[in-house]
Amino acid sequence: MILISGEALIDLIPDPVKANAYDAVLGGSPYNVAIGLGRLGSRTAFVSRISADGNGEALAAALADNRVDLGMVVRDKRPSTLAFVMRGTAKTGSRYSFYLDGTAYDGPWPFPTEWPKGGQHLHVGSFSAVERHGESVVDAMRVARPLATISFDPNIRPFVTPDREAVRPLVERQASLASMVKASEEDLEWLYPGRSVEESLSVWTKMGPRFCAATLGERGAVAIVGRERIEVAAPRVDVVDTVGAGDSFMSALLSAMDRDAALGADAALPSRADLERWLRFAATASAITCTRKGSDPPTRAVVEAALKA
């Protein structure tokens, strides 16, 4: 079982034709990762707070439809969290403006007090890990660390976490507790202005993770494992939007590792060939998501067909 912790919300995405109109789409970075893992066939549970309003019912129903366990989800009477999406490019990604206060997100995070039996992996990230729930996430990582592998994706949202000097130490604490860290090029440039992506990954790797990876938009992804550097190209696609592309990469990376029995406290360190294969699978899933409106991650069959094409 892979536990995914983080926010679930409604993305309001600009209508491509009608001015000042938005389409409501189910979203939230960790939520998208959970959906992606379910579609890829990995046994997954979601740890979060979800509203009991109509939007919350839709969020919960989609998780269930994608075979994601809801046993660690708290339902809240307050309204669903909202994110207004501003379209970006394949290079810059999309921008977001969030409405958090007074919503279902704004309450104690429902981590289990004891690590659940059968839990092989914990994934944490996005603003729920680096904003008001940051210390709860650190505590959960410490509980999980002796018993499972842990992944962390900071997924920085400057509108939510504008204070770089306060956020950076928390991100580094969480990176030091993780088995693997994935970030976007944009995340790293915001956290460490003037420092190269690979230098930042190398610094994080020395803090404790087995490997660290960065997504580079249309240029693919790069990872550092030990002293080795691994880079994979992104498939060329016609981009509809980039919403959920990084989340699809994360879910596909975890699913590929899950399929190779590379998750869990007893998992061996990855070889260069293993990591390159996982990154290629993840980059392909991410590229497919970019051809679809909103976060709509592919199934394993679709990704494998694309890899063979």
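Here, every reference points to the structure presented above.
Quick caveat, the model's predicted, so the values are computed rather than measured.

(A) Examining the overall build of the protein chain more closely. Regarding its fold elements, the protein chain presents 10 helices and 13 strands. The C-alpha radius of gyration computed for the protein chain amounts to 18 Å, which stays within 12% of the reference 19 Å derived for 309 residues, consistent with globular compactness. Each principal axis of the C-alpha atoms in the protein chain carries an extent, and together these give about 50 × 45 × 40 Å. For the protein chain, the residues scored as buried account for 56% of the 309 residues in total. Contacts in the protein chain between residues at least 24 apart in sequence constitute 70% of all its contacts with a sequence separation of at least 6. For the protein chain, the computed accessible surface area is about 13000 Å², with 51% contributed by carbon and sulfur atoms. Averaging the locations of the 35 positively and 38 negatively charged side chains of the protein chain gives two centres separated by 3 Å.

(B) Representation of the packing of aromatic side chains within the structure. Counted by the stated rule, this structure contains seven aromatic pairs. Considering the side-chain rings of Tyr-105 and Phe-127, the 5.3 Å spacing of their centres and the 75° angle between planes classify their relative orientation as edge-to-face. Highlighted residues: Tyr-105 in the loop between strand S7 (95-99) and strand S8 (121-125) and Phe-127 in helix H3 (residues 127-130), separated in sequence by 22 residues. Judged by its relative accessible area of 1%, Tyr-105 is buried. For Phe-127, a relative accessible area of 1% puts it in the buried group. Among the aromatic side chains, those forming a connected cluster through ring pairs are Phe-98, Tyr-105, Trp-109 and Phe-127. Just above the ring of Trp-190 sits the side chain of Arg-164; from NZ or CZ to the centre is 4.9 Å.

(C) The arrangement of the nonpolar core in detail. Counting residues in each nonpolar core, the largest one holds 52 residues, and the members touching the most others are Leu-122, Phe-152 and Trp-204. Excluding its chain neighbours within four sequence positions, the residues that come into contact with Phe-152 are His-123, Val-124, Gly-125, Ala-129, Val-130, Val-171, Gln-174, Ala-175, Ala-178, Met-180, Val-181 and Lys-182.

(D) Geometry of the side chain of Gln-174. Relative to the elements of secondary structure, Gln-174 occurs in helix H5 (residues 164-177). Setting aside anything within four residues of it in sequence, one finds Gln-174 in contact with Ala-129, Val-130, Gly-134, Val-137, Val-138, Met-141 and Phe-152.

(E) Quick look at the pattern of salt bridges. A full pass over the atoms with the stated rule returns 19 salt bridges. Here Asp-101 makes a salt bridge to Arg-132, at a shortest N to O gap of 2.9 Å. A residue pair is termed long-range when its members are at least 10 positions apart, and Asp-101 in the loop between S7 and S8 and Arg-132 in the loop between H3 and helix H4 (134-144) qualify at 31 residues. Overall, Asp-101 belongs to the exposed group, its relative accessible area being 61%. With its nearest N and O atoms 3.7 Å apart, the salt bridge here joins Arg-300 to Glu-304. Placement of both Arg-300 and Glu-304 in helix H10 (residues 300-308) is noted, with a separation of four residues, approximately one turn of the helix. One continuous salt-bridge network, built from bridges that share partners, spans Asp-101, Asp-106, Glu-131 and Arg-132.

(F) How the structure looks around the environment of Ala-175. Positionally, Ala-175 belongs in helix H5. Residue Ala-175 is classed as buried on the basis of its relative accessible area, which comes to 0%. A sequence separation of 73 residues divides Ala-175 from Ser-248, and the C-alpha atoms of the two residues are 20 Å apart. Those residues in contact with Ala-175 that lie beyond four places of it in its chain are Phe-152, Val-181, Trp-204 and Pro-209.

Calculation rules
- The residue numbering used here restarts from 1 in each chain and proceeds along that chain's sequence as written.
- Where local features are concerned, this predicted model is filtered to residues with pLDDT of at least 70; where side-chain atom pairs are given and counted, the filter is 80 or more; whole-chain, interface and lining totals use all residues.
- Note that water and hydrogens are dropped before the side-chain values are worked out from all heavy atoms of the structure.
- Under the DSSP-based scheme used, a helix requires at least four consecutive residues in state H or I and a strand at least two consecutive residues in state E, with every element numbered from the N terminus.
- To get the radius of gyration, use the C-alpha atoms; to get the globule rule, take the number of residues to the power 0.38 and multiply by 2.2 Å.
- For each residue, the accessible area found with a 1.4 Å probe, counting protein chains only, is set against the maximum for its type, and the residue is called buried under 20%, exposed over 50%, and partly exposed in between.
- Here, residues are in contact when the closest pair of their heavy atoms is within 4.5 Å.
- In this description, accessible areas are obtained by the Shrake-Rupley approach with a 1.4 Å probe, and a residue is regarded as covered only by the protein chains that are shown.
- By the counting rule applied here, Lys and Arg register as positive and Asp and Glu as negative, while His and the ends of each chain are not counted.
- Where a charge sits is defined by one atom per residue type, namely NZ (Lys), CZ (Arg), CG (Asp) or CD (Glu).
- Two aromatic rings, drawn from Phe, Tyr or Trp (for Trp, its six-membered ring), form a pair once their centres lie within 6.5 Å of each other, and the interplanar angle then sorts them: stacked below 30 degrees, edge-to-face above 60, tilted otherwise.
- In this scheme, the term charge over a ring applies when either NZ of a lysine or CZ of an arginine sits within 6 Å of the ring centre and within 35 degrees of the ring normal.
- To qualify as a nonpolar core, a set must consist of buried Ala, Val, Leu, Ile, Met, Phe, Trp, Tyr and Cys residues joined through side-chain atoms within 4.5 Å.
- Think of a salt bridge as a Lys or Arg side-chain nitrogen and an Asp or Glu carboxyl oxygen that are within 4 Å of each other.

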